[in-house]
Every structure is written in C-alpha cells, then in structure tokens.
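Chain residues, written in single-letter form:
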2 protein chains.
Amino acid sequence: MQKMRAAPFCAAVDWGTSSFRAWLLSADGTVLSERRAADGLSQIAPGSFELVLEGHLAEFGAPADLPVVVCGMAGARQGWIEAPYAATPARFPDLAAEALRVPGLDREVRILPGVAQRDPQRPDVMRGEETQLAGLGVEGDALACLPGTHSKWAAIEAGALARFSTFMTGELFDLLARTSILRHSLGGDLHVSPDDETFLSAVREARADPGRWTGRLFGLRAGDLLGLQAPQTRAPWLSGSLIGIEIAGGLALHPQAREIALVASGRLADLYAGAFEACGLAHRRIDAETAVRAGLLTAARHFWPARAEASL
Amino acid sequence: MQKMRAAPFCAAVDWGTSSFRAWLLSADGTVLSERRAADGLSQIAPGSFELVLEGHLAEFGAPADLPVVVCGMAGARQGWIEAPYAATPARFPDLAAEALRVPGLDREVRILPGVAQRDPQRPDVMRGEETQLAGLGVEGDALACLPGTHSKWAAIEAGALARFSTFMTGELFDLLARTSILRHSLGGDLHVSPDDETFLSAVREARADPGRWTGRLFGLRAGDLLGLQAPQTRAPWLSGSLIGIEIAGGLALHPQAREIALVASGRLADLYAGAFEACGLAHRRIDAETAVRAGLLTAARHFWPARAEASL
C-alpha cells in the first residue's frame, strides 16, 4: 500500500535581504518540501515579489488556495508591503494579530510584523528574528542570542519579548577585515575555528574589558609590521574580541538568565557555542531554521485554525 | 636699508601618505618659505621621491648643497628608503642618531625613523608623530594626544617616549558613516561642531563606559527607522562616542598626567579641545605643524651643528 502524502497546510517563508527560504508544511509542522534561493530583497527586481513567490510555490506544486505566511525583510518599508513594527514588550501571539494581508492577490499571503523598541535611549528594531524567538515557545523568562551580520540579543519575560539589543558584530568584522587598513594584515583567509586558542582568549578578554577594544585594534597592523604575531592569529583575535564585546552587552540585558538560548545554524552556531564555553556560560543550541519554521507555523495556526484542524 | 633675508639652514619635510609639506628654515627656526602639496606616498609614482623633492626645492630656490631632513611615511618600507623603527623607550635625541642618509644622492637627505613599541601584548608603531612629540621639547613627563585617522596617545617619561597607543578613530568614523549600513541614516553632511550638545554628551558617556559602544551603534539606524532622533544628532553622536572611547584608553596610558598636550591643527584641534572640556580635562593646544617643524629643526641641528652655528 502506498503511503499517503500529508495534505499541505500552508507555505511558510523567511524572506530576508539576501536570501529566500520556503517550506511546504503540514498542520503538525512536518516539512513536506523546502526551497532555498538567493531571491532576497537586494537580489530581486522591484515589484517582483508576487512573481518570485508564485514561482517557488509552483515548484512546490502548491494549490492556488494554499495560504502563505511570511516573515522578514519582505515586510520592511523597502520590501513587498510594510508591516508596521509591533512594540516591546511584545507578546508572541500579538505578532500574528498584527500581521498584514497583502492586498490585491488571489492567494492569501500574510506578512508578520517586525518588533521595535521605541526607547529613545536604546532604539532598536528586528525583522525576522521575532519569528525565531516566537518559535522557541518560551512561556517564562529567557535570554536568547541570535548571531549574524547584525546579532540580536533578546530578553524574554513572562513569554513576551521585553527588550533587545543589536550588535553589528558581523558587519564590523567584515568592514575591518576587508575594507580598513587592517585588511593588509588579515590576508584572504578569514576562517575562524571555534576551538582556536587566540579566538577563545580574545572572547574572554573582550568580555571582561570591552572598553579596551578600539585601543587594541591597530595592534593587528602594528604586530604585522613588527613581525610580533603569527599571521593566522589575527582573524581569530578580531572575531573573538567582537564576540566577547557582544557577550558583555548581551548578558547585561538579562543578568539573571541561567542559560543562553543560542539560536543559530552551522558555522556561526559552533563559533558562538565555543565562545560561551570559553566564558563558562551555560547555553543550549536551537537550530535557527527550526525556530523560524516553528514561529511561522504558530502564526499560521493562529490565522487559519479551521484549516489546521481539518488537515490534522 | 634693505633687510637681509636670513641664509637658509636646511629644508625640513613632513612626508606622509597623503600629503607633502616642506619648510625652508633658518638656523633659529624662522620659516623662510613653505610648500604644501598632495605629493604623498599614495599619490606619487614609485621611485619618484628624489624628483618630487628636487622639484619642491627648486621652487624654494634652494642651493644644491642645502641639506634636507625628512620625517613620516617616506621612511616606511613602502616609502623612499626604509628607516627602521627606533624602540620604546625612545629618547628624542636618539631618533636623530638613528636617522638614515639616503644613499646615492648629491644632496644630503636624512630620514628620521619611526618608533615601534615591541610589546607583544600592545604592539604599536608611529611614523611622523615621534617628530611632533620631539618638537614639544618635553624634558620631564607628559601625556600627548595627536588626533587623526589613526590617533596616537603618547606617554613621555623623563623626556623619553615611554609608551603609546593608536586609536583608529578617524578611520572607524569614516567606515561606519560612509560604508556601513549606518550610511543610510547619517546622510551626506558629516560635519560635527565642537560645541554640539549631542557630541559633548556622547564623549562623556563613552569615556565613562566605553564597553557599551558597539551595543549602541545600531541605534543610529534603528532611531532613524523609528523616527526617534533628530537626523543631525547622528554624526555628532558617532564622532563623540569614538572620541570618548579614545580618551578613556588614552588616559590609561598615563593616569597621573595633570594635563594633555593636544597636538593638532584646525577643525580636529577644536573638536578634541571641546571633548576635553566636556570631560573637565586640562589641556594645552600645540599646533601640529609648529610641533613637527620644531622636531625637524632639532634633528637638523643635531646632524649639522657647524652649519647651524655658521648661520646663526
């Protein structure tokens, strides 16, 4: 007897600046099919959002009435349609309630809002990460770290996103290693291994004394000119010190946290896990894609409860 | 009766990466003539150092036997001829003793060395700033700040350059304001006024808590997206916070210093003077060109004492 393929409940899309990821999901969250493409906002033609989405749905063989839930930069002002930011403290169910339906389409497509922290002293925004955080299913308190070009640290209190902070860790690394005068000393290979001794000690030192960083940066150049460092220690030092500063600032968001939820994938997850271990910080790893999918599914069930019941 | 023009004692040249400045000096330091050009290392053809220098000397009407003293990047490995770094602690008279005579020229041209701090924990180098420091004529202790793309802070002890630290303040400002994601929020006008309130409070805050900086940086972007800041506060905040971090690190070089010697010119001198005043830090301003000329003259008198006496 042939095994029946589960009926698709919805398509879930994480649509960012540089990437597009979509999953065809059953109502219990089973991934029936998935697609990844470089169809991020910065890659596709303006005004081509519907075309790009329908192209991927056609590859899924998705029926014309399959609803779609989207998170990420597609909801930014420069995206498909602006889904205004929800405000902190943000309860995760409220994010679905504030989603925007894309008008003028035959298909139902809902875009989740980002979250804004409208504190004039610490203004901050996220788009996409709030859906990963929702996917953690935290009902009490938690401290989460979502590493990346612009890393986010978020304090969750009583199941709501209470406050968060963005660190330009990945962008600063790239600017310094590829564009600044330090590029002459860093060479082409910027790979950093999570068990590299220089990396780990740089994490510890920068976390303990984050204010010294800018005064030590030029040492990468000077150490090169003076032949005082092994060249392969430079990228690990730069990466480790930036991550150490991020850890110092991130922990300050929720000093009582007993562990850090590290929401990441692949190489970045390994690097941050190594950094946390070097600092003796308890953490658990949650795959970033699993988290965003779970957050999108929760929102979809909120939008289409009858459809979800029918497919279960 | 016609006033006699003093006989030229030497030509003094500050030859950097992006600029060339030369003075025709009498033995008492009187400037008989001066030249400024964009003939920095990065602008002139490789191998054209003698040609460029002789061109400027010809404009001075300098005699063929007029000796020349040079400081700056012309003595770097990628410059005219490498004048190896002197080591900290560096007595200023020793810098002249370690100068290099350019070989194979009819004219006597001596290039002053830079200074290296060969501490593996704090490697650092300078080229050109040591001559400004020598020009201060400090015989006891001092703390000097030389602002720029790569600001230098130097502790002088018993008349010798004891230790120093480079801060990539100007380069970080440019990278962040013109290249990073923050460029979208900073706009084109990056001018910062030294009495700007945002600038002054950013200096104070960053000096007091330099470790928070990377966690606040993205606030320039978020505050823009959320309409939470006056746009004209962003460049002052970025500049002020970078200078505040620099002050925190620079003061640590010589915590007992009673005043800061601010060796700078023009707009940068005003900006740093404003920053020091905001922090209640005593300082005196020394014009950077006056300082470098004094340092070059001191070296020239060391090289050519008989010539100096004869012209006085």
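Residues numbered from 1 in each chain as written. Chains lettered and ligands numbered in written order. Predicted model: local features only at pLDDT ≥ 70, side-chain atom pairs only at ≥ 80, totals over all residues. Heavy atoms only, no water.

1. Observations concerning the interface of chain B and chain A
A common measure of how large an interface is: the accessible area buried when the components associate.
Phase 1 of the analysis: Each partner contributes to the interface: chain B provides 43 residues, whereas chain A provides 43 residues.
Phase 2 of the analysis: Carbon and sulfur atoms supply 69% of the area buried between chain B and chain A, which totals about 3500 Å² over both sides.
Phase 3 of the analysis: Ranking the residues of chain B by area buried against chain A places M168(B), F218(B) and L226(B) at the top, with a combined share of 17%.
Phase 4 of the analysis: Linking chain B with chain A are zero salt bridges, by the criterion used here.
Phase 5 of the analysis: Among the elements of the structure, strand 9 (115-117), strand 10 (124-126), strand 13 (160-167), helix 4 (169-179), helix 7 (213-217) and helix 8 (219-225) of chain B are those that each provide at least two residues to the side of chain B that touches chain A.
Phase 6 of the analysis: For the side of chain B that touches chain A, the class distribution of residues is 21 nonpolar, 13 polar and nine charged. (Contact = heavy atoms within 4.5 Å. Buried area = accessible area lost by both parts, 1.4 Å probe. Salt bridge = Lys/Arg side-chain N within 4 Å of Asp/Glu carboxyl O. Helix = DSSP H or I, 4+ residues; strand = E, 2+ residues; numbered from the N terminus. Nonpolar A, V, L, I, M, F, W, Y, C, P; charged D, E, K, R; others polar.)

2. Concerning the domain arrangement of chain A
Phase 1 of the analysis: Domain assignment breaks chain A into domain 1 (10-136 + 294-311) and domain 2 (169-288).
Phase 2 of the analysis: Centre-to-centre, using C-alpha coordinates, domain 1 of chain A lies 32 Å away from domain 2 of chain A. (Domains from an automatic or database assignment.)

3. Things to note about unusual backbone geometry
Residue and element names in this part refer to chain A.
Phase 1 of the analysis: Following T88, the chain continues to P89 via a peptide bond in cis, the omega torsion being -5°.
Phase 2 of the analysis: You can see P89 is positioned in the loop between strand 5 (86-87) and strand 6 (90-91).
Phase 3 of the analysis: Of note, the phi angle at A158 is positive, near 50°, even though the residue is not glycine.
Phase 4 of the analysis: Here A158 shows up in the loop between strand 12 (151-157) and strand 13 (160-167).

4. Description of the nonpolar core
Phase 1 of the analysis: Residues W153(A), L238(A), I247(A), W153(B), L238(B) and I247(B) are the most contacted members of the largest nonpolar core, which totals 98 residues.
Phase 2 of the analysis: Of all hydrophobic cores here, the second largest spans 25 residues; its members include A22(A), L57(A), A74(A) and I111(A). (Core = buried A, V, L, I, M, F, W, Y, C linked by side-chain atoms within 4.5 Å. Buried < 20%, exposed > 50% of the residue type's maximum accessible area, 1.4 Å probe, protein only.)

5. Considering the layout of surface pockets
Phase 1 of the analysis: Of the voids in this model, the second largest pocket is the one considered here, and its volume is about 1300 Å³.
Phase 2 of the analysis: Around the second largest pocket, the lining is made up of 38 residues, and of these T17(A), M73(A), R127(A), E129(A) and T149(A) lie nearest the centre.
Phase 3 of the analysis: Every element with two or more residues in the lining of the second largest pocket is listed here: strand 1 (10-15), strand 10 (124-126), helix 3 (129-135), strand 14 (260-264), helix 10 (266-278) and helix 11 (288-303) of chain A together with helix 8 of chain B.
Phase 4 of the analysis: Looking at which element gives the most residues to the lining of the second largest pocket, the answer is helix 11 of chain A, with three residues.
Phase 5 of the analysis: The residue inventory of the lining of the second largest pocket, partitioned by class, reads 16 nonpolar, twelve polar and ten charged. (1 Å grid on protein atoms, 1.4 Å probe; cavity = no way out; pocket = protein on both sides within 12 Å on 5 of 7 lines; lining within 4 Å. Points joined across faces, edges and corners; volume = space filled by probe spheres on them.)

6. Digging into the pattern of salt bridges
Phase 1 of the analysis: Evaluated as defined, the whole model comprises 31 salt bridges over all chains.
Phase 2 of the analysis: Between R21(A) and E289(A) there is a salt bridge whose closest N-O contact spans 3.2 Å. Of this pair, R21(A) sits in strand 2 (residues 20-25) while E289(A) sits in helix 11, placing them 268 residues apart in sequence.
Phase 3 of the analysis: You can call R21(A) partly exposed: its relative accessible area is 23%.
Phase 4 of the analysis: When the shortest N-O distance is used, the salt bridge between E82(B) and R77(B) registers 3.6 Å.
Phase 5 of the analysis: Residue R77(B) is classed as exposed on the basis of its relative accessible area, which comes to 58%.
Phase 6 of the analysis: Counted as one network, the salt bridges with shared partners bring together D14(A), R21(A), E34(A), R36(A) and E289(A).

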